[in-house]
Amino acid sequence: MDRNLFSSSIGKKVIVAVSGAFLMSFLIVHLAINLTLIIDDTGLLFNSAAHFMATNPIIKIVEPILALGFAIHILYTIILTLQNMRSRPVRYARQDLSGASSWASRNMFILGGLVLTFLVMHLFHFFIKMKYTGDPLLDVKVMIDGELVKNGYLLVSSFFKDFLVYSIIYIVGAIFLGLHLVHGFWSAFQSLGLCNKIWLSRLQTVAVVFAAIMALGFSIIPIYFIIFF
Amino acid sequence: MATDNILKNLILKVWRQASPKDKGKFVTYTIQNVSTGSSFFEMLDLLNDDLIRKGDEPVAFDHDCREGICGTCSLFINGKPHGPDNLITTCQLHMRKFKEGETITIEPWRSAAFPVMKDLIVDRNAFEKIIQAGGFVSVNTGGIPDANAIPIAHDAAEESMDAAQCIGCGACVAACKNASAMLFVAAKVSHLALLPQGKTEATRRAKAMVAKMDELGFGNCTNTGACEAECPKGISIANIARLNREFLVAKFQD
Ligand code: HEM
Ligand code: FES
């Protein structure tokens with residue numbers, strides 16, 4: 001393999017596409033686990049899943065890789081975006097791209113930045129508490145497989161029940177993520193060359209479905225707790 | 001048949017720049033009594049006629065065939081390359097697309113790789129350099145082969161010809177928010193890679209042309225698709241996927 005690959009424009013796009021695809025596969029697992037929050041009101045299902053994720057050795061290996069995936073995705077999109085800003089030193093006085101390209105495709109960096117802002121906040125809400133700092137709600141321990149484990153369900157469900165503002169922020173965050181993916185999903189295939197005239201429209205349709213599942217799936221959780229509790 | 005109307009008054013906001021080093025600025029002109037049946041260039045010809053009579057410098061703009069086949073004309077009109085109509089070049093644009101009293105903004109293509117030479121004329125030699133890097137089939141001497149000696153599947157020929165429609169006007173670069181030349185390079189790589197004559201050099205070609213494209217300061221593609229939407233020949237971004245594929249295969253072989 002040619003080592004210059006990743007300094008070329010297409011090579012850098014491949015890095016963005018592969019890291020983006022990896023992050024999307026993470027999102028699928030993340031959503032599947034989170035949906036147990038609304039499937040089982042006793043919290044047993046979610047706590048078992050969370051306990052499994054916290055103790056499974058494979059997940060322990062995947063966690064830093066995931067962080068690296070985010071870092072690489074963000075680093076390379078920043079490099080690409082900065083280069084792209086230099087490619088048109090004199091701007092147009094009047095430019096109309098509304099009919100030629102989708103809004104999401106033109107605002108991937110802004111959408112990504114909003115997703116990142118949300119992500120950092122989100123880590124402080126749950127991940128950091130569960131893993132490092134702890135929280136009184138987590139100490140209301142529950143029994144799973146004969147073992148007393150942290151009550152993540154209580155932490156998450158109380159969070160959405162008690163803070164309407166955060167629930168709304170989570171819904172908006174999910175929408176931003178959906179918009180990022182409505183373009184990102186099929187764009188990743190295109191960047192990797194896994195597309196042709198027939199699959200272009202098919203992948204764009206699948207992208208809409210995938211993005212909708214992600215946006216609706218993640219926002220249905222706060223909506224559920226607002227409505228039913 | 002629709003009859004032509006007369007646009008009594010039009011306001012033109014035109015980019016004027018004396019030389020590549022000049023800063024350049026917009027100058028506003030008014031023009032009277034333009035037939036909707038006339039072409040955009042005929043309207044500019046009227047403007048220049050006016051300017052010359054007044055002893056002013058006429059507006060410089062590129063044009064040659066004036067029938068949409070040479071790719072010489074450009075112009076970013078009211079926010080779009082080749083103006084408001086689809087699947088046409090500026091030389092095919094008619095004044096019936098404009099309204100009475102409208103302000104028409106006319107700018108040159110904007111890209112670091114296409115420096116402005118004068119007024120609305122940009123230097124598109126960067127495209128030439130990309131072609132020189134590999135957009136050809138090497139032919140050594142020998143007799144002329146029979147046209148039907150090499151079998152070519154009909155759909156491959158069609159797809160190749162679709163890509164070969166590219167006239168190298170640069171509207172893709174002008175339209176792209178990243179000023180990327182990917183659609184141009186993809187069209188040039190595709191129309192050759194799809195045919196047996198071009199296939200032999202496909203990997204070297206993709207590498208050389210992409211390297212040249214990157215070197216010349218075009219932006220990176222983010223798959224927004226504006227290039228296809230604004231391409232006067234409607235060249236599909238599926239060609240960009242093919243270019244990515246050709247390029248990656250070539251790089252992984254090294
Ligand atoms: C869960 C989080 C994320 C997922 C699943 C994701 C996924 C994707 C995917 C699949 C693509 C398409 C890749 C391509 O066009 O080849 C993409 C592009 C992009 N992402 Fe993300 N992304 C995420 C977070 C972020 C973040 C935090 C940023 C912050 C800067 C970001 C910025 C971008 C940009 C700017 C692009 C367009 C780059 C280009 O087309 O050249 N993304 N993303
Ligand atoms: S002048 Fe030849 S394409 Fe417009």
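Cut-offs used in this document
- Residues numbered from 1 in each chain as written.
- Chains lettered and ligands numbered in written order.
- Predicted model: local features only at pLDDT ≥ 70, side-chain atom pairs only at ≥ 80, totals over all residues.
- Heavy atoms only, no water.
- Phe/Tyr/Trp six-rings, centres within 6.5 Å; stacked < 30°, edge-to-face > 60°.
- Lys NZ or Arg CZ within 6 Å of the ring centre and 35° of its normal.
- Contact = heavy atoms within 4.5 Å.
- Buried area = accessible area lost by both parts, 1.4 Å probe.
- Salt bridge = Lys/Arg side-chain N within 4 Å of Asp/Glu carboxyl O.
- Polar contact = N/O pair within 3.5 Å; in protein donor to acceptor, adjacent residues only side chain to side chain.
- Helix = DSSP H or I, 4+ residues; strand = E, 2+ residues; numbered from the N terminus.
- Nonpolar A, V, L, I, M, F, W, Y, C, P; charged D, E, K, R; others polar.
- Pairing = 2+ DSSP bridges.
- Axes fitted to C-alpha atoms, helices over the stretch in contact; angles between N-to-C directions.
- Domains from an automatic or database assignment.
- Near = heavy atom within 4 Å.
- Donors = N, O, S within 2.8 Å, 3.2 Å for Na, K, Ca; no water.
- Tetrahedral: all angles 85-135°; square planar, octahedral: opposite > 155°, others 65-115°.
- Buried < 20%, exposed > 50% of the residue type's maximum accessible area, 1.4 Å probe, protein only.
- Core = buried A, V, L, I, M, F, W, Y, C linked by side-chain atoms within 4.5 Å.

The relative placement of two aromatic rings is captured by the distance of their centres and the angle of their planes. Residues and elements named next belong to chain A. Per the counting criterion, the structure on display carries 28 aromatic pairs over all chains. Ring centres 6.4 Å apart and planes at 80° place the aromatic pair F127 and Y132 in the edge-to-face group. Feature note: the residues F118, F126, Y153, F159, F160, F163, Y166, Y170, Y224, F225, F228 and F229 constitute an aromatic cluster, connected by ring pairs. Taking the ring centre of F229 as reference, the NZ or CZ of K161 above it sits at 4.7 Å. In this arrangement the basic side chain of R202 is found over the ring face of W199, its NZ or CZ atom lying 4.9 Å from the centre.

Moving on: the interface of chain A and chain B. Facing the 41 residues of chain A at the interface are 50 residues of chain B. At the boundary of chain A with chain B, total buried surface from both sides reaches about 3,700 Å², with 54% on carbon and sulfur atoms. In this structure, the connection of chain A to chain B is made through zero salt bridges. Where chain A touches chain B, the interface holds 25 residue pairs in polar contact (both at pLDDT 80 or more). Of all the elements in the fold, those that place two or more residues in the side of chain A that touches chain B are α1 (9–34), α4 (57–86), α5 (103–106), α8 (164–191) and α9 (197–228) of chain A. Split into classes, the residues belonging to the side of chain A that touches chain B amount to 15 nonpolar, 17 polar and nine charged.

Attention now goes to the sheet that holds strand β2 (residues 25–35) of chain B. Residue and element names in this part refer to chain B. Pairing is mixed across the open sheet formed by five strands, whose spatial order is β2-β1-β5-β3-β4. One side of each edge strand has no neighbouring strand; the edge strands of this open sheet are β2 and β4 (80–81). In terms of strand pairing, strand β1 (residues 6–16) meets β2 through 10 bridges, oriented antiparallel. Residue pairing in the sheet places L10 in a bridge with I31 of β2. Most of the contacts of helix α1 (residues 40–53) go to β2, to which it runs at about 110°, and overall it touches β1, β2, β3 (76–77) and β5 (103–107).

Glancing now at the domain arrangement of chain B. All names here are of chain B. Domain annotation for chain B reports domain 1 (6–118) and domain 2 (124–139 + 151–252). Contact with domain 1, which involves 22 residues of that partner, is made by 21 residues of domain 2. Both sides of the domain 1 and domain 2 interface together cover about 1,500 Å² of buried area, and 59% of this is carbon and sulfur. Area buried by domain 1 at its contact with domain 2 is led by L87, A113 and F114, which between them contribute 33% of it. The interface formed by domain 1 and domain 2 holds two salt bridges in total. The residue E230 makes a salt bridge to K80 at a minimum N-O spacing of 3.9 Å. Taken together, domain 1 and domain 2 are joined by five residue pairs in polar contact (both at pLDDT 80 or more). Class assignment for the residues of the side of domain 1 that touches domain 2 results in 11 nonpolar, eight polar and three charged.

Moving on, we come to the pattern of salt bridges. For the structure shown, the criterion picks out 15 salt bridges over all chains. Through salt bridges that share partners, E201, R204 and R205 of chain B make up one connected network.

Around ligand 1 sit 24 residues, and of these K13, H73, H180, S187 and S191 of chain A come closest. Residue neighbours of ligand 1 fall on chains A and B, so the site bridges chains. Take H180 of chain A: an N or O atom from its side chain is 2.8 Å from a nitrogen atom of ligand 1. Of all the secondary structure elements, the ones that give two or more residues to the shell around ligand 1 are α1, α4, α6 (108–133) and α8 of chain A. Among the residues forming the shell around ligand 1, the class breakdown is 13 nonpolar, 10 polar and one charged.

Moving on: the coordination of the iron atom of ligand 1. Residues and elements named next belong to chain A. H73 (NE2) and H180 (NE2) make up the full set of protein donors to the iron atom of ligand 1, lying at 2.0 to 2.1 Å. Note that the iron atom of ligand 1 binds six donor atoms; their angles at the metal cover 86 to 179°, and the shape is octahedral. Here the residue H73 occupies a position in helix α4, and H180 occupies one in helix α8, the gap between them amounting to 107 residues. Of the two residues, H73 and H180, both sit in the buried class.

To continue, consider the side chain of T89 of chain B. Residues and elements named next belong to chain B. Within the secondary structure layout, T89 lies in the loop between β4 and β5. Given the relative accessible area of 1%, T89 is considered buried. Once residues within four sequence positions are removed from consideration, T89 is found in contact with G68, C73, H82, I167 and P232.

Before going further, it helps to examine the nonpolar core. Grouped together as the largest cluster of nonpolar side chains are 61 residues, with contacts concentrated most on F127, I130 and F218 of chain B. Of all the elements in the fold, those that place two or more residues in this core are α1, α8 and α9 of chain A together with α2 (125–134), α4 (171–175), α5 (182–193), α7 (202–215) and α9 (238–253) of chain B. Shared between two domains, this core takes at least three residues from each, and those domains are domain 1 (6–118) and domain 2 (124–139 + 151–252) of chain B. Apart from residues lying up to four places away in sequence, I130 of chain B is in contact with G135, F184, V185, M209, K212, M213, L216 and F218 of chain B.

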